[in-house]
Amino acid sequence: MADQLQTGADVKTAPPAIDAPDAAPNGGPTSSSAPVLSTENVHVFYDGIPAVKEVTMDIPRHRVTAFIGPSGCGKSTLLRSFNRMNDLIPSAEVTGKVLYHGQDLYGSGVDPVEVRKHIGMVFQKPNPFPKSIYDNVAFGPKVLGMKVDMDEVVENSLRHAALWDEVKDRLKQSAFGMSGGQQQRLCIARALATNPDVLLMDEPCSALDPIATGRIEDLMVRLREEYTIVIVTHNMQQATRVSDRTAFLTVELDEQDNRTGVVVEYDETEKVFSQPSDSRTEAYVTGRIG
Ligand SMILES: Nc1ncnc2c1ncn2[C@@H]1O[C@H](COP(=O)(O)OP(=O)(O)OP(=O)(O)O)[C@@H](O)[C@H]1O
Ligand SMILES: [Mg+2]
């Protein structure tokens, strides 16, 4: 796994089977209990001011992990640090370690494009490209120069995103002709096409109606069999429905009145919602703040 994140490595070869990878950085097997991602004292700064601080956490494999907390507590910022999306924000700086299968994503020689191939992202608002359904899904493998059977990748990705049956007869039509919920599943298919093992989802249902939301939630639960999912959600019912573990973040004020997000509590979802160990978590999950 380690070499796969270096510039240019592994991009010309076919992706492993969709239920991979199992490889550890040194080539040995990864035990299923080993975390896929681990952070060590991560801080993310914008213009030198910390937006989130002191985050040390493990993201378990084949589980859905939810980030909840009030607006501005740094959920999206933390999520973006997991696949180097913060690199695209010039004022952002990440310190500490984000380990992916034990390899530091911010280590020297790591190619952020390779990182995002393994750790895909789905955003709040469905954002298909102005292309056909087929070309949206084929986009990642194409730009990465992956030598794959593209028809097979497109079909597999759409099947995994529970969209194939709805679109198989109109693959060459524009993605803009799809409903919002379909567009979001297309964005999930697009993320799956590069054969990642982690999917980061930042409020993926907030622009969708309840039926489309239910379909995405069902899909997340199914995808968990083969992928590791981290989701940001404002919807606490959603966190209880889909996630195995929940991290509650909140904002702390320092002496200079800087607002910085911290992880208050991170535990099994059931525990966080029924027996939180911190009074701030309890106040949030019972609706007294936030
Ligand atoms: N590009 C940016 N430049 C400067 N500051 C930013 C940027 N993005 C976020 N911030 C600041 O970082 C802090 C955390 O923001 P972030 O968007 O991560 O919070 P969030 O928990 O995702 O909030 P929401 O629930 O509203 O999406 C906020 O104070 C925000 O203003
Ligand atoms: Mg956010």
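Conventions and cut-offs
- Residues numbered from 1 in each chain as written.
- Chains lettered and ligands numbered in written order.
- Predicted model: local features only at pLDDT ≥ 70, side-chain atom pairs only at ≥ 80, totals over all residues.
- Helix = DSSP H or I, 4+ residues; strand = E, 2+ residues; numbered from the N terminus.
- Buried ≥ 20, exposed ≤ 12 C-beta atoms within 10 Å, placed from the backbone.
- Contact = placed C-beta atoms within 7 Å.
- Core = buried A, V, L, I, M, F, W, Y, C linked by C-beta atoms within 7 Å.
- Near = placed C-beta within 6 Å.
- Nonpolar A, V, L, I, M, F, W, Y, C, P; charged D, E, K, R; others polar.
- Axes fitted to C-alpha atoms, helices over the stretch in contact; angles between N-to-C directions.
- Left-handed = near helix turned anticlockwise from the far one by under 90°.
- Pairing = 2+ DSSP bridges.
- Right-handed = clockwise from strand over helix to strand, strands pointing away.
- pLDDT = per-residue confidence, 0-100.
- Parallel < 35°, antiparallel > 145°, perpendicular 65-115°, else oblique.

The helix and strand tally for the protein chain stands at 10 helices and 10 strands. Looking at the protein chain as a whole, 45% of its 290 residues are labelled buried. Pairs at least 24 apart in sequence give 70% of the contacts found in the protein chain among residues at least 6 apart.

Attention now moves to the nonpolar core. One broad trend across soluble globular proteins is that nonpolar side chains are buried collectively. Ranked by internal contacts, the top residues of the largest apolar core, which has 72 residues, are Ala189, Leu199, Leu200, Ile229 and Ile231. Tallying contributions element by element places helix α6 (residues 180–192) first for this core, with 6 residues. Excluding anything up to four places from it in sequence, Leu200 contacts Leu79, Phe82, Asn83, Ile119, Gly120, Met121 and Val230.

This part covers the site of ligand 1. Near ligand 1 you find 13 residues, and of these Tyr46, Ala51, Ser71, Ser76 and Thr77 are the closest. For the shell around ligand 1, the secondary-structure elements that each account for two or more residues are α1 (75–81) and β10 (259–268). The element best represented in the shell around ligand 1 is α1, accounting for 3 residues. Of the residues that constitute the shell around ligand 1, the class distribution is 4 nonpolar, 7 polar and 2 charged.

As a further point, take the packing of helix α3 (residues 133–143) against α6. α6 packs onto α3 with a crossing angle of 35° between their chain directions and a minimal axis gap of 7 Å. Where α3 crosses over α6, the two elements pack in a sense that is right-handed. On the side of α3, the interface is formed by Ile133, Asn136, Val137, Phe139 and Gly140, while α6 contributes Leu186, Ala189 and Arg190. Here the residues of the contact of α3 with α6 sort into 5 nonpolar, 2 polar and 1 charged.

The next thing to look at is the environment of Arg84. Examined against the element boundaries, Arg84 turns out to sit in the loop between α1 and β4 (92–100). Between the C-alpha atoms of Arg84 and Arg116, which are 32 residues apart in sequence, the distance is 7.4 Å. Once residues within four sequence positions are removed from consideration, Arg84 is found in contact with Leu105, Pro112, Val115 and Arg116.

This brings us to the pairing of strand β7 (residues 198–202). Of all 5 residues that make up β7, 5 are buried, and the element is covered over most of its length. Of the two faces of β7, both are covered, the one formed by Val198, Leu200 and Asp202 as well as the one formed by Leu199 and Met201. Summarising the sheet, strand β6 (residues 119–122) and β7 pair through 4 bridges and their orientation is parallel. Bridge pairing in β7 links Ile119 to Val198. Summarising the sheet, β7 and strand β8 (residues 228–232) pair through 5 bridges and their orientation is parallel. By the bridge assignment for β8, Leu199 is matched with Ile229. Assessed by its sense of winding, the connection that carries the chain from β7 through helix α7 (residues 210–223) to β8 is right-handed.

Right, let's get into the confidence of the model for the protein chain. Residues at a pLDDT of 70 or more form 89% of the protein chain, whose mean pLDDT is 90. Low confidence marks residues 8–30, where pLDDT is under 50. Its contacts with residues over four positions away, or in another chain, come to 41 contacts.

By the secondary structure assignment, Phe123 is in the loop between β6 and α3. Here the alpha-carbon distance between Phe123 and Gln184, two residues 61 residues apart in the chain, equals 8.5 Å.

When two helices pack together, their arrangement is given by the angle between their axes and by how far apart the axes lie. Running from amino to carboxyl end, α3 crosses helix α4 (residues 150–160) at an angle of 110°, the nearest separation of the two axes being 9 Å. One element, α3, and the other, α4, form an angle in the roughly perpendicular class. Between α3 and α4 the crossing geometry is right-handed. Facing Tyr134, Val137, Ala138 and Pro141 of α3, the residues of α4 in contact are Met150, Val153, Val154, Ser157 and Leu158. When grouped by side-chain class, the residues that make up the contact of α3 with α4 number 8 nonpolar, 1 polar and no charged.

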